[in-house]
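One letter stands for each residue in the lines below.
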Amino acid sequence: MDVLDLTRLQFAVVTIYHYLFVPLSISLAATAAGLELAWLRTGADKYRQLTRFVGGLLIVTFAVGVVTGLVQEFQFGLGWSNFARFYGDVFGPTLAVEGMLAFFLEATFLALWYFGWDRLPRAAHAATIAVVAVGTVLSAFIILAANSFMQNPVAYALDPATGRARLTSLAELLTNKVNLAAFPHTMAGAAMAGGALLLAIGAWRSRSAAAAASAVDVASAVDAASAVDAASAVDAASGVGAPSGVGAPSGEKAAFGTLARLGAWLTAVGGALTALTGDHLGKVITGVQPMKMAAAEALYATTTGAPFSVFALGGGGDGRPFFSIEVPYLLSILAKGSPGATVSGLDDLQAQYAAQYGPGSYVPMVPVAFWSFRLMIGVGMVAAAIAAAYLWTGRRGRTPHRLLVRVLPVLPLLPAAANTFGWLFTETARQPWLAFGLTTVADGLSPGLTRAEVIASLLGFTAVYGVLAVVWLRLVRRLASRPLDPAPATAERAATEPAPVY
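Conventions used here
Residues numbered from 1 in each chain as written. Predicted model: local features only at pLDDT ≥ 70, side-chain atom pairs only at ≥ 80, totals over all residues. Heavy atoms only, no water. Helix = DSSP H or I, 4+ residues; strand = E, 2+ residues; numbered from the N terminus. Buried < 20%, exposed > 50% of the residue type's maximum accessible area, 1.4 Å probe, protein only. pLDDT = per-residue confidence, 0-100. Contact = heavy atoms within 4.5 Å. Salt bridge = Lys/Arg side-chain N within 4 Å of Asp/Glu carboxyl O. Core = buried A, V, L, I, M, F, W, Y, C linked by side-chain atoms within 4.5 Å. Axes fitted to C-alpha atoms, helices over the stretch in contact; angles between N-to-C directions. Parallel < 35°, antiparallel > 145°, perpendicular 65-115°, else oblique. Left-handed = near helix turned anticlockwise from the far one by under 90°. Nonpolar A, V, L, I, M, F, W, Y, C, P; charged D, E, K, R; others polar. Phe/Tyr/Trp six-rings, centres within 6.5 Å; stacked < 30°, edge-to-face > 60°. Lys NZ or Arg CZ within 6 Å of the ring centre and 35° of its normal. Polar contact = N/O pair within 3.5 Å; in protein donor to acceptor, adjacent residues only side chain to side chain.

K.L.:
Can you break down the overall build of the protein residue by residue, with the values?
P.N.:
Scanning the protein from N- to C-terminus turns up 18 helices and 8 strands. The burial tally for the protein puts 46% of its 502 residues in the buried class.

K.L.:
Can you tell me about the confidence of the model for the protein, naming the residues and giving the values?
P.N.:
Close inspection of predicted coordinates is inappropriate for parts of the model with low pLDDT. For the protein, the average pLDDT comes to 86, and 87% of its residues sit at 70 or higher. Of the regions scoring below 50 in pLDDT, residues 230-247 engages in 16 contacts with residues more than four places distant in sequence or in other chains. Confidence drops under pLDDT 50 across residues 490-502; counting only partners more than four residues distant or on other chains, this segment forms 25 contacts.

K.L.:
Give a description of the pattern of salt bridges that names residues and reports values.
P.N.:
In total, this model carries 9 salt bridges according to the counting rule given. The residue R52 makes a salt bridge to D485 at a minimum N-O spacing of 3.3 Å. Residue R52 is found in helix α3 (residues 45-78), and its partner D485 is found in the loop between α17 (451-481) and α18 (491-496); the two are separated by 433 residues along the sequence. The residues R52 and D485 share a single accessibility class, namely buried.

K.L.:
Tell me about the nonpolar core, and please be specific about residues and values.
P.N.:
With 40 residues, the main nonpolar core has F53, V54, L57 and I129 as its most contacted residues. Of all the secondary-structure elements, those providing two or more residues to this core are α1 (3-19), α2 (22-42), α3, α4 (81-115), α5 (122-151), α7 (177-225), α9 (249-288) and α17. Residue contributions to this core peak at 10 residues, all from α3. The next biggest cluster of nonpolar side chains, apart from the first, holds 27 residues, and it includes M291, F308, Y353 and A369.

K.L.:
Please give an account of unusual backbone geometry that cites residues and values.
P.N.:
The step from Q431 to P432 runs through a cis peptide bond, and the omega angle for that step is 10 degrees. Tracing the sequence through the fold places P432 in the loop between α15 (413-428) and β7 (433-435). Its identity as a non-glycine residue notwithstanding, A155 has a phi of 60 degrees, on the positive side. Within the secondary structure, A155 sits in the loop between α5 and β1 (156-158).

K.L.:
Just give me the short version of the packing of α2 against α3, but keep the residues and values in it.
P.N.:
In a pair of packed helices, the angle between the axes and the distance between the axes together describe the arrangement. Relative to each other, α2 and α3 sit at 160 degrees, their axes nearing to 8 Å. As summarised for this structure, α2 and α3 are arranged roughly antiparallel, according to the angle between their axes. At the point where α2 passes α3, the crossing takes the left-handed sense. Judged by residue contacts, L24, S25, L28, A29, T31, A32, L35, E36, A38, W39 and T42 of α2 engage Y47, R48, L50, T51, V54, G55, L57, L58, T61 and F62 from α3. Class assignment of the residues belonging to the contact of α2 with α3 gives a composition of 13 nonpolar, 6 polar and 2 charged.

K.L.:
Break down the packing of aromatic side chains for me, citing the residues and quoting the values.
P.N.:
If you walk through the whole model with that rule in mind, you get 28 aromatic pairs. Measuring from centroid to centroid gives 4.7 Å for F86 and Y87, while their planes differ by 80 degrees, and the two rings are edge-to-face. Through a chain of ring-to-ring contacts, the aromatic side chains of F11, F76, F83, F86, Y87, F91, F149 and Y156 assemble into a single cluster. The cationic tip of R374 hangs over the ring face of F308; the distance from NZ or CZ to the ring centre is 4.3 Å. For the cation-ring pair, R395 lies above W392, with the distance from its terminal atom to the ring centre recorded as 3.8 Å.

K.L.:
Help me get a handle on the environment of T342, residues and values and all.
P.N.:
Along the polypeptide, T342 turns up in strand β6 (residues 342-343). What makes T342 partly exposed here is its relative accessible area of 34%. In contact with T342, not counting residues within four places along its chain, are T302, T303, T304 and K336. Among the polar contacts made by the side chain of T342, one reaches the side chain of T304 at a distance of 2.7 Å.

K.L.:
Which residues make up the packing of α1 against α17, and what values do they have?
P.N.:
At a closest axis distance of 9 Å, the pairing of α1 and α17 adopts a crossing angle of 15 degrees. By the criterion of interaxial angle, the relationship of α1 to α17 is roughly parallel. Our pair here, α1 against α17, has a crossing hand that is left-handed. Seen from α1, the contacting residues are V3, L6, T7, L9, Q10, V13, V14 and Y17; seen from α17, they are R451, V454, I455, S457, L458, F461, T462, Y465, L468 and A469.

This is the structure we're talking about:
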């Protein structure tokens, strides 16, 4: 691998790792805000308990996301300084605003939320987590505007004095049609990611609490049979005798059952919205980057009524498919909304780009685009189907099927994988462009960069990120295993008790 390939690999590692935490932060912040508002409205203590529980998961996830996000933004100076130098006046404002939102708005109000339990008025305290939720959404919208510039450059002009691009309209940059299409798609994917995590934890804890409740019931029956006295038997059966700080198992079962159902709804509805918004995004991308959609299907010849290949095998020097299982007309529908629409093929687009931009290959890595596109769709559909099955089998208070419950611990991996495959498709199928039609990845590379420097930084980032992954997993497992915060015994205790560490 040469310097360019190594730098691209480093950027991919940093970006993919960082994005594992971004959708979780967005979804967990919104969920915590919704749960606290539900507590304010209903007064049900389980919503207060779940708010603190989800908030603990948010804090550790947000911390790792901010740290990895810093490295993500520094990548433009480390590996792509030519691109940053030329387009920094356009690209920079979005990074600056997103950084201020993350560090000053989200971090500040998240700290107020954490330390403000039992110190701020309830409505003001709920407002702090609502601000965090809104801030994460705004951060996502603004950073997607930066990425959308790379997909469809708008709102810039060349400054004759400096020889660099300058921003002509921030509003036009933010309302880039790619951004307006990608943002709801990203939010739907975030709902799936957070929902899957909450479903997995909620189902696990609900099942554990049910087993504990059964054990309490057995012990209660034994105590009752010994006829110590009727009052103690009633107390034991009701769970009053549970250890201090643990909470009655039946109460935890109900609370975590609510959390599991909420996570299942987020995952299932998020999956449906991801499909709907993805359909619109696909049509927008076909208009601005027809080569990307052609690569997604490995469509070499321009075709009217183009089919969509569910599975294909390719071979030979150019990797053209020689066997495929196709759904007739589906690619034309996905790309342009009509079964009879004509979809441009790779060969014609290559000839068009060579005439427009000069000699060279403008065809991306077709196998990567082809399979990442399908894996994105397929893995996401499986995650949504599992969540929908959980809701169906657990309807009206029934116990979800035990085989389904056993696969739930790995469910969070599916939306994470789908998001990763989606970004792999988005970025690799744009190649060789860094900013489409303007700058190639080779033109944007930092001058003077050596293989040794890139390898050293890549190994360093990988090692640090590996440690962060272990820390995050251990913290999440620890937080997920802790009992819910018990209800305050008195009004005085509620006014003076500090917030727990989760």
